[in-house]
Amino acid sequence: MLLFTGKGGVGKTSVAAATAVHAAAAGARVLVTSTDPAHSLADALAQPLDDRPRAVDVPGAPGRLTGLQIDAQARLEHHWSDVRDYLVSLLGWGGMGAVAAEELILLPGIDELFALIDLEQQVASGEYDLVVVDCAPTAETLRLLALPDALGWYVERIAGPGRRMARALGPLVRGAGLGALPMPDEPVFAAVERIQDQLARVHTLLQDPARAAIRLVCTPERLSVAETERTATSLSLFGYGVDALVVNRVLPDEVTDPYLARWKDRHAAQLAELRTSFAPTPVLRAPLLDDEVIGVDGLRRLADALYADADATGWREPVRPVTVERTAEGHLLRIALPFATRGELDLHRRGSDLHVRVAGVRRTVALPGSLRRDRVAGAALADGWLEVRFRPQAAGVEVGS
Ligand SMILES: Nc1ncnc2c1ncn2[C@@H]1O[C@H](COP(=O)(O)OP(=O)(O)OP(=O)(O)O)[C@@H](O)[C@H]1O
Ligand SMILES: [Mg+2]
């Protein structure tokens, strides 16, 4: 599965669609889909799409490309309605009107999360060699990608002790004539458990560099580059691997108009900087074409330029952004934070969780079992990696500290 993301109109939809068309033309069975409620994927392909997988015509490659415009709202309704009804009744009990309650529990980005649940099922079906996803703009995507972590935590706390409490308290509450407090019932717990299960699978898929990777799309201008570097850091923090960076709309050599000379220099400088700062992640570039990229033919032109000397179908396994190694003293946890600086970093441990904050983005890293009994012995930021050293409790507790 390949997810394309970036900030603003940098060509995410075009590049995602071009990649899908290219891979399908090369013989792969490809599903191309969008989590963006704007129907721009259908516009780029110049073919209608809807909420069911539907064949997209690629000349010379019949039956290879399937398109899907996910109706996130409908998926939300399907997966979440039992839980929503319960939460609305609970908030209603607390005096809140149903409409306000319904607004309140719709976490931003949650609909896209349910879209990902469906995509995980498409990947698992084995019907496709490649699933290409055009993701919504960066901020939403990041939140959405972070949600499996956050929601998993939340759901675990409702489904675990909450269920036991409901069983124990339910008769008491009813017996004491306090029946007004809505208690979650079995269908709610079943729904929560099912969602938790599905979220865990999405999370595992997205963090598995052998099965999923993110391709960042930017243009060779300073603001877009800065935003992309921030995105790369955040993705890494959440454990998602970036397999390539696409620099789109680069002014091609044949443009020699003196009016654009500075722009050409600027593009060359940005490309050079990106190649250094993203190494070893490959940097692919696509020229600014002489027309909009609409329809399968236009997309093929874009793909031919973009993948002139690279394989679009698969991905190079991205660098694993989070690793744990054994060391002589204990363990070393490494998190790739390619563009972070010391001043932006905040780190502390609470129980079995490590809280990391980089440049305003937070993540709670649930420590793997092997590290839970260890204590943090030190941390350092070196060459784009945050390295946290762990030592066994007994060996390292310093007196007086
Ligand atoms: N290399 C290119 N050459 C010429 N036109 C391009 C190129 N890449 C994209 N475009 C055009 O730029 C416009 C924006 O592209 P696209 O819709 O793919 O961007 P996006 O990142 O998906 O935008 P949004 O943030 O709105 O989703 C489209 O009209 C597209 O045809
Ligand atoms: Mg788009």
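Residues numbered from 1 in each chain as written. Chains lettered and ligands numbered in written order. Predicted model: local features only at pLDDT ≥ 70, side-chain atom pairs only at ≥ 80, totals over all residues. Heavy atoms only, no water.

(A) Quick peek at the pattern of salt bridges. This model, assessed by the stated rule, comprises 11 salt bridges. Between Arg201 and Glu120 there is a salt bridge; the shortest N-O distance is 3.4 Å. Linking Arg201 in helix α8 (residues 186-206) with Glu120 in helix α5 (residues 110-124), this pair joins segments that are 81 residues apart in sequence. Its salt-bridge partner being Asp197, residue Arg201 comes within 3.4 Å of it at the nearest N-O pair. Of this pair, Arg201 and Asp197 both sit in helix α8, four residues apart, roughly one helical turn. On the basis of relative accessible area, Arg201 is assigned to the partly exposed category, the value being 37%. Salt bridges sharing partners connect three or more residues here, namely Asp51, Arg75 and Asp118. (Salt bridge = Lys/Arg side-chain N within 4 Å of Asp/Glu carboxyl O. Helix = DSSP H or I, 4+ residues; strand = E, 2+ residues; numbered from the N terminus. Buried < 20%, exposed > 50% of the residue type's maximum accessible area, 1.4 Å probe, protein only.)

(B) Structural detail: the site of ligand 1. Taken together, the neighbourhood of ligand 1 is formed by 17 residues, with Lys12, Thr13, Ser14, Asn248 and Glu292 sitting nearest. Between ligand 1 and the protein, one listed contact pairs an oxygen atom with a side-chain N or O atom of Ser14 at 2.5 Å. Within the side chain of Glu292, one N or O atom sits 2.6 Å away from an oxygen atom of ligand 1. Calculation on ligand 1 without its partners gives an accessible area of 630 Å², and the protein chains cover 78% of this total. Among the elements of the structure, α1 (12-25) and β7 (242-250) are those that each provide at least two residues to the shell around ligand 1. (Near = heavy atom within 4 Å. Polar contact = N/O pair within 3.5 Å; in protein donor to acceptor, adjacent residues only side chain to side chain. Areas by Shrake-Rupley, 256 points an atom, 1.4 Å probe, with all protein chains shown as cover.)

(C) Here's a closer look at the packing of α1 against helix α11 (residues 295-306). Close contact between α1 and α11 brings their axes to 8 Å; oriented N to C, the two are set at 85 degrees. Considering the angle they form, α1 stands roughly perpendicular to α11. Together, Ser14, Val15, Ala17, Ala18, Val21, His22 and Ala25 of α1 and Val296, Leu299, Arg300, Leu302, Ala303, Asp304 and Leu306 of α11 make up the contact between the two elements. Residue composition of the contact of α1 with α11, by class: 10 nonpolar, two polar and two charged. (Axes fitted to C-alpha atoms, helices over the stretch in contact; angles between N-to-C directions. Parallel < 35°, antiparallel > 145°, perpendicular 65-115°, else oblique. Contact = heavy atoms within 4.5 Å. Nonpolar A, V, L, I, M, F, W, Y, C, P; charged D, E, K, R; others polar.)

(D) Structural view of the packing of aromatic side chains. Counted according to the given criterion, the structure contains one aromatic pair. The lysine or arginine in question, Arg334, covers the ring of Trp385, its NZ or CZ lying 4.1 Å from the ring centre. (Phe/Tyr/Trp six-rings, centres within 6.5 Å; stacked < 30°, edge-to-face > 60°. Lys NZ or Arg CZ within 6 Å of the ring centre and 35° of its normal.)

(E) Structural view of empty space enclosed by the protein. Per the counting criterion, the structure on display carries two cavities of 30 Å³ or more. The element that contributes the greatest number of residues to the lining of the second largest cavity is strand β15 (residues 385-392), accounting for three residues. For the lining of the second largest cavity, the class distribution of residues is two nonpolar, two polar and three charged. (1 Å grid on protein atoms, 1.4 Å probe; cavity = no way out; pocket = protein on both sides within 12 Å on 5 of 7 lines; lining within 4 Å. Points joined across faces, edges and corners; volume = space filled by probe spheres on them.)

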